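Spelled out from the first residue to the last, the chains are:
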Amino acid sequence: EAILLNQLMRNGVSIIPGKASFVDEHTLEVKSPARLSDQLSADYIVLATGSRPRRPKSVPFDDKRILDSSSILKLSRLPNQLTIIGGGVIACEFATMFALLDIEVSIVDSHAQLLAYLDADITSILVEHMENMGIQLHMSTTVTAVENMGDNVLVRTQRNEEILGSHMLYAIGRIPNFEELLLENINLEAEDAGWILVDANYKTKIDHIYVIGDLAGRPSLASTAMEQGRRVIGHAYNHSFKSIETPLPMAIYTIPELSYTGPTERELKQNNVDYIVGNASYEETARGQIIGDIKGHLKLLIDRQSRKVLGAHIIGESASELIHLGQLVIG
C-alpha cells in the first residue's frame, strides 16, 4: 500500500481520505474520517469503489471460525478442517491453497459444476486436480443451517448431510460498494444487485461519469481494472481514442492456475458459430516436462472458415502469464 501511495503522490495525484457522495452530476461531497466535509467538482468522474464480501444475516459470522474472504486472511493459526460454502472463483482459490497445506477441505455448492461459466473441459481438469488433493465436493445442494459449536462449525445441507469442520468460509458472491454514493441524486441506477450499467468504454448513461473495477462487474480483477482505467482516460480526453479490440483476459489463481480470453465452446454453440477445437498438453512440450506439469492443458477455439483464433483457455503452471499471447493473436 505504501508503494502505491508513493507512486500516486510522485505523479501529482491528490489523495483525499473520506466517503464520497454525489451532490450533482459534476460535484461530490467528501466526508473525512474526522466528519469534516468538502465538495469537489470535476469535468470527469471515475467510480472505482470496489466491493466487499457478501455476509447474509442467516450466517452467524464471528470472524474467528465462521469467516468471509477478508477475515480468513487474518487467521493466526491454520484450521484443521475447512468447510467452504460456494463454488466460484474465491471458493476454488482458497480450497486449493488450504488443501495443499494438508488441511481437510470440503466444498458445498448449489451448482452442478464448479466455475460453471468456464470452458467445461478446463473445469473438469481442475476438478480432477481438486479430488486428487482430497477436496470433498458436495455439489447440487444448498446449506440449510450453520451452527457455531465452540471448537467446531457444523454445516447442514439440503440432503441432510452434516459436515463438521474447525472453520467455515462463506464465499458466495461479493457486494459492490455503491450505497453511499447516493446515485439517486444524479438519476443513476445500480442494476443487477449493485453493478452499474456501462458501455464498451465503461461510460454510464451520463457522458462524463465512468465506472471501472468491481463496480462494473466481471471480470473484477485488479489487472483488468487498470486496463479499464487506461481506456476510460483515453476515451474521456481523446474522443478519437480507440482501444485494442480484444476481450480482456481472465485469470483464476487456483492451484493449478486457470486463464482464458474470448468465448467458451458453450457460447460459440449458442451463437451458431462454425468452429474447430485445438488441444495441446503441457506434457507434449519439453518445458512442461522440465517443470513437472504434465496435466497442464491449452485449448484453442478457431473459426473454421477464416481460421481466426476466437478463444484461448489454459489450465496449468503460469497460465495467467501465458494468456496474453492468446489475447494478442485474437487481436
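Residues numbered from 1 in each chain as written. Predicted model: local features only at pLDDT ≥ 70, side-chain atom pairs only at ≥ 80, totals over all residues. Heavy atoms only, no water.

Here's the deal with the overall build of the chain
Counting its regular elements, the chain contains seven helices and 22 strands. Along the first, second and third principal axes, the C-alpha set of the chain runs to 60 × 55 × 40 Å. A total of 331 residues make up the chain; the buried ones form 42% of that total. At a minimum sequence separation of 6, the contacts of the chain that also span at least 24 residues come to 54%. (Helix = DSSP H or I, 4+ residues; strand = E, 2+ residues; numbered from the N terminus. Buried < 20%, exposed > 50% of the residue type's maximum accessible area, 1.4 Å probe, protein only. Contact = heavy atoms within 4.5 Å.)

Digging into the sheet that holds strand β22 (residues 309–315)
Strand order in the open sheet made by the five strands is β18-β19-β22-β21-β20, with antiparallel pairing throughout. One side of each edge strand has no neighbouring strand; the edge strands of this open sheet are β18 (250–252) and β20 (275–281). The sheet shows a mean angle of 10° between the axes of neighbouring strands, taken without regard to direction. As defined by bridge partners, strand β21 (residues 297–303) adjoins β22 across six bridges and the pair is classed as antiparallel. (Pairing = 2+ DSSP bridges. Axes fitted to C-alpha atoms, helices over the stretch in contact; angles between N-to-C directions.)

Observations regarding the environment of Gly 311
Tracing the sequence through the fold places Gly 311 in strand β22. On a C-alpha basis, the gap between Gly 311 and Ala 2 in space is 38 Å, while along the polypeptide they are 309 residues apart. Once residues lying within four places of it in the same chain are set aside, the contact partners of Gly 311 are Thr 261, Gly 262, Pro 263, Lys 299, Leu 300, Leu 301 and Ile 330.

Comments concerning the nonpolar core
If you look at the biggest cluster of nonpolar residues, it comprises 31 residues, and the most contacted ones within it are Ile 84, Val 105, Met 130 and Leu 258. Mapped by element, the contributors of at least two residues to this core are β7 (81–85), α2 (89–99), β8 (104–108), α3 (120–132), β18 and β19 (258–261). Looking at this core, the element that brings in the most residues is α2, giving six residues. Apart from the residues within four sequence positions on either side, Val 105 is in contact with Leu 82, Ile 84, Ala 95, Phe 98, Ala 99, Gly 134, Ile 135 and Gln 136. (Core = buried A, V, L, I, M, F, W, Y, C linked by side-chain atoms within 4.5 Å.)

A look at helix α7 (residues 319–330)
Between its terminal C-alpha atoms α7 stretches 17 Å, which fits the 16 Å expected from 12 residues at 1.5 Å a residue. Where α7 is buried, its residues touch β18, β19 and β22. (Expected span 1.5 Å × (residues − 1).)

A look at the packing of aromatic side chains
Enumeration over the complete set of coordinates arrives at four aromatic pairs. Where Tyr 44 meets Tyr 210, the ring centres are 6.5 Å apart and the plane angle is 50°; that geometry is what we call tilted. Here Tyr 44, found in the loop between β3 (37–41) and β4 (45–47), pairs with Tyr 210, found in strand β17 (residues 209–211); they are 166 residues apart in sequence, far enough to count as distant. Judged by its relative accessible area of 27%, Tyr 44 falls in the partly exposed class. A centroid spacing of 6.2 Å and a plane angle of 25° characterise the contact between Phe 94 and Phe 98, whose relative ring orientation is stacked. Here the residue Phe 94 and the residue Phe 98 both occupy positions in helix α2, the gap between them amounting to four residues, near one helical turn. Three or more aromatic residues joined by ring pairs make a cluster, and in this case those are Tyr 44, Tyr 210 and Tyr 237. We note Arg 55 situated over the ring of Phe 61; from NZ or CZ to the ring centre the distance is 4.3 Å. (Phe/Tyr/Trp six-rings, centres within 6.5 Å; stacked < 30°, edge-to-face > 60°. Lys NZ or Arg CZ within 6 Å of the ring centre and 35° of its normal.)

Some thoughts on a nonpolar patch on the surface
Taken together, Leu 4, Leu 5, Leu 8, Met 9, Val 13 and Ile 15 make up a surface patch of nonpolar side chains, about 510 Å² in accessible area. With respect to the element layout, Ile 15 can be found in the loop between α1 (2–10) and β1 (19–24). Since its relative accessible area comes to 42%, Ile 15 is described here as partly exposed. (Patch = residues over 30% accessible without salt bridge, like charges linked within 9 Å, V, L, I, M, F, W, Y side chains within 5 Å. Areas by Shrake-Rupley, 256 points an atom, 1.4 Å probe, with all protein chains shown as cover. Salt bridge = Lys/Arg side-chain N within 4 Å of Asp/Glu carboxyl O.)

A word on the sheet that holds β7
Taken in spatial order, the five strands make up an open sheet running β6-β13-β7-β8-β9, and their pairing is parallel. With partners counted over all chains shown, the strands left at the sheet margins are β6 (66–67) and β9 (136–138), one partner each.

With respect to α2
In terms of residue burial, α2 counts as a mostly covered element, since eight of its 11 residues are buried. Each element contacted by the buried residues of α2 is listed here: β7, β8, α3, β13 (167–170) and β18.

Description of the pairing of β13
Covered by surrounding structure in β13 are His 167 and Leu 169 together with Met 168 and Tyr 170, the residues of both alternating faces. The sheet contact formed by β6 and β13 spans two bridges and is parallel. Within β13, the position partnered with Ile 66 by the bridge is Met 168. Sheet topology places β7 next to β13; four bridges connect them, and they run parallel. Following the sheet pairing, Thr 83 is matched in β13 by Met 168.

Looking at unusual backbone geometry
Backbone torsion omega between Ile 255 and Pro 256 reads 5°, so that peptide bond is classified as cis. Along the polypeptide, Pro 256 turns up in the loop between β18 and β19. Although it is not a glycine, Arg 307 adopts a positive phi angle of roughly 65°. When its relative accessible area of 69% is taken as the criterion, Arg 307 is described as exposed.

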